[in-house]
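Examination of the molecular architecture
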Amino acid sequence: LGAVAGDIIGSVHEFLGEKTRDFPLFVEGSRFTDDTVLTVAVADCLMTGSSYVDKYHEYTHTYPGRGYGGGFAHWVQSGSREPYGSWGNGAAMRVSPVGFAFRALDDVLREAARSAEVTHDHPEGIRGAQATAAAIFLGRAGESKAGIRGFIQERFGYDLDQSVDSIRPAYSFDESCQRTVPAAMIAFLDSADYEDAVRLAISLGGDADTLACIAGGIAEAFYGGVPKTIAEPALARLDDELRKTVLRFRETYG
């Protein structure tokens, strides 16, 4: 839900390059995008044991026109079942359920790679998914921010020794895992609570919905949930099927 809410809040800020954290969380145009659709697809796979390829195709056909990346959209439209070497941030934006569904870090890393590599089999795509899922797992497990930062830097080589204020001026829209994932993690690391993490991620002025989706998933795990004042309007913007799957996943994995 943290990832879904982040996506919905960020949806109206994408492509605008806004550098502020002062904005209403929900407005008339707030909507779920491809980030939510594919995050829920991953949750569905984890609960049902379904093929990632099958579910990514199924969900994308069910929810067309939600801002899918060009390479991914072509993959679905062509009916392909083979990966296409992507290093885009789609692998990381959809992976958050993996971080919540397993009790061991090795299992999280293994499943994060599986969820990514059916499309994003480039090393950067897999790295972004694994790093995001690992941060969520560590947040759930009660690890400190210093511990999360240290593990991600040592294991994945991302530079997290910066602040949102230091990277914001030069940051711009970027669809790569290698520039999106570290920025989203820095937003989380600088935050005081869930809402602050989402606001900081959007304030970078980049791929707003995806930055907020990734930061929101990690923040939910670390801070112990999504505030009711954010959870309820986010869930209200999903259709019945997406909402049911999100709620069933939360019941299944706590």
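Preceding this section is the structure that the text describes.
Described below are features of the structure shown in this document. (Residues numbered from 1 in each chain as written. Predicted model: local features only at pLDDT ≥ 70, side-chain atom pairs only at ≥ 80, totals over all residues. Heavy atoms only, no water.)

1. Regarding the side chain of Glu220
With respect to the helices and strands, Glu220 occurs in helix H13 (residues 208-223). Since its relative accessible area comes to 7%, Glu220 is described here as buried. Within the local environment of Glu220, its side chain forms a polar contact with the backbone nitrogen of Gly2, the two atoms lying 2.9 Å apart. There is a polar contact of 2.8 Å between the side chain of Glu220 and the side chain of Arg250. If sequence neighbours within four positions are ignored, Glu220 has contacts with Leu1, Gly2, Ala3, Phe100, Tyr194, Gly225, Val226 and Arg250. (Helix = DSSP H or I, 4+ residues; strand = E, 2+ residues; numbered from the N terminus. Buried < 20%, exposed > 50% of the residue type's maximum accessible area, 1.4 Å probe, protein only. Polar contact = N/O pair within 3.5 Å; in protein donor to acceptor, adjacent residues only side chain to side chain. Contact = heavy atoms within 4.5 Å.)

2. Notes on the environment of Phe188
Here Phe188 is to be found in helix H11 (residues 177-190). Classification of Phe188 as buried rests on a relative accessible area of 2%. Once the C-alpha coordinates of Phe188 and Leu200 are considered, the two residues, 12 residues apart in sequence, prove to be 7.8 Å apart. For Phe188, the residues in contact, after removing those within four places along its chain, are Lys145, Ile148, Ala197, Ala215, Ile218, Ala219, Phe222 and Tyr223.

3. Some details on the pattern of salt bridges
Summed over all chains, the structure comprises 14 salt bridges. Among the salt bridges present, the one from Asp54 reaches Arg81, with a minimum N-O distance of 2.8 Å. Of the two residues, Asp54 sits in helix H3 (residues 52-62) while Arg81 sits in the loop between helix H4 (70-77) and helix H5 (90-93), which places them 27 residues apart along the sequence. You can call Asp54 partly exposed: its relative accessible area is 39%. The exposure class of Arg81 is partly exposed, given its relative accessible area of 47%. Salt-bridge contacts for Lys244 lead to Glu241; the nearest nitrogen and oxygen are separated by 3.8 Å. Here Lys244 and its partner Glu241 are both found in helix H15 (residues 240-253), three residues apart, which amounts to about one turn of the helix. Exposure remark for Glu241: the relative accessible area of 49% places this residue in the partly exposed category. Salt bridges here are not isolated pairs; linked through shared partners, they connect Asp44, Lys55 and Glu58. (Salt bridge = Lys/Arg side-chain N within 4 Å of Asp/Glu carboxyl O.)

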